[in-house]
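For reference, the chains in residue letters:
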Amino acid sequence: SQLSSGINAEYGHPQVTNYLVVKNAQYQSIHSSLIVINGQGVLIKGKSGIGKSEAVLELIHNGHRFVADDTVEAYRIGNNLFGRSPSITKNFLEARGIGIINIPYVYGARSTVDCAQIDLIVELLPEDYKNSLDRIGNKKIYEKIQGLKVPKIKMPTGSGRSAGTLIEAATNLFIGNKNGKNSISIINKRIKGEA
């Protein structure tokens, strides 16, 4: 039988097999946050104080599902990469100036999920990096975690920029590209008079 995590359970009870595979997985701690946006697990990276937690809080407020803040335990099962929160900080998010927020208490039980597949990495960078980044978004960047290549977007953040909104837009663009709705291809077709 096929489990929701993509594991083939050949022996015994599927939930037991799933539990044993996850329990015996090799974990890697990554300084990051993890949230599920429209079905895609998005790992948000960046230096301390860049605004990861604030962006995640904005995304939770917009109805997306929280997995982890500050540290993500990443683990590989087959050709899929998953992430979860360390047990000590599970369901908690620290926002500077506010303190530690109990997400299910403040936003409801449906605002969190125990783990998620990591589909995309968004790295938040200081605003002064903006001139060195790809403006059009046609360069594909990947980061290897546990031997798996994960698509990555580098995004400058700073004064007047809503990191949460930009991450949501980047994720929706990523979903569109996966579904063949590539903006650059559409523009090129229009230039050539094909669309």
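Below, the structure is looked at part by part. (Residues numbered from 1 in each chain as written. Predicted model: local features only at pLDDT ≥ 70, side-chain atom pairs only at ≥ 80, totals over all residues. Heavy atoms only, no water.)

**A short note on the pairing of strand β7 (residues 99–102)**
Next up, step 1: In the sheet, strand β6 (residues 92–95) pairs with β7 via four bridges, with the strands oriented antiparallel. Considered in β7, the bridge of Ala-95 is made with Gly-99.
Next up, step 2: Between β6 and β7, which follow one another and run antiparallel, lie three residues, and Gly-97 among them has a positive phi close to 90 degrees. (Pairing = 2+ DSSP bridges. Helix = DSSP H or I, 4+ residues; strand = E, 2+ residues; numbered from the N terminus.)

**Remarks on the nonpolar core**
Next up, step 1: Ile-35, Val-42, Ile-44, Leu-93 and Ile-167 are the most contacted members of the largest nonpolar core, which totals 22 residues.
Next up, step 2: Residue contributions to this core peak at five residues, all from helix α2 (residues 52–61).
Next up, step 3: The next biggest cluster of nonpolar side chains, apart from the first, holds 15 residues, and it includes Ile-30, Leu-43, Ala-116 and Ile-118. (Core = buried A, V, L, I, M, F, W, Y, C linked by side-chain atoms within 4.5 Å. Buried < 20%, exposed > 50% of the residue type's maximum accessible area, 1.4 Å probe, protein only.)

**Considerations on the side chain of Lys-52**
Next up, step 1: With respect to the secondary-structure elements, Lys-52 resides in helix α2.
Next up, step 2: Of note is the side chain of Lys-52, whose polar atom sits 3.5 Å from the side chain of His-31.
Next up, step 3: At a separation of 3.2 Å, a polar atom in the side chain of Lys-52 contacts the main-chain carbonyl oxygen of Lys-47.
Next up, step 4: When neighbours within four sequence positions are excluded, Lys-52 is seen to be in contact with His-31, Ser-33, Ile-44, Lys-45, Gly-46, Lys-47 and Leu-124. (Polar contact = N/O pair within 3.5 Å; in protein donor to acceptor, adjacent residues only side chain to side chain. Contact = heavy atoms within 4.5 Å.)

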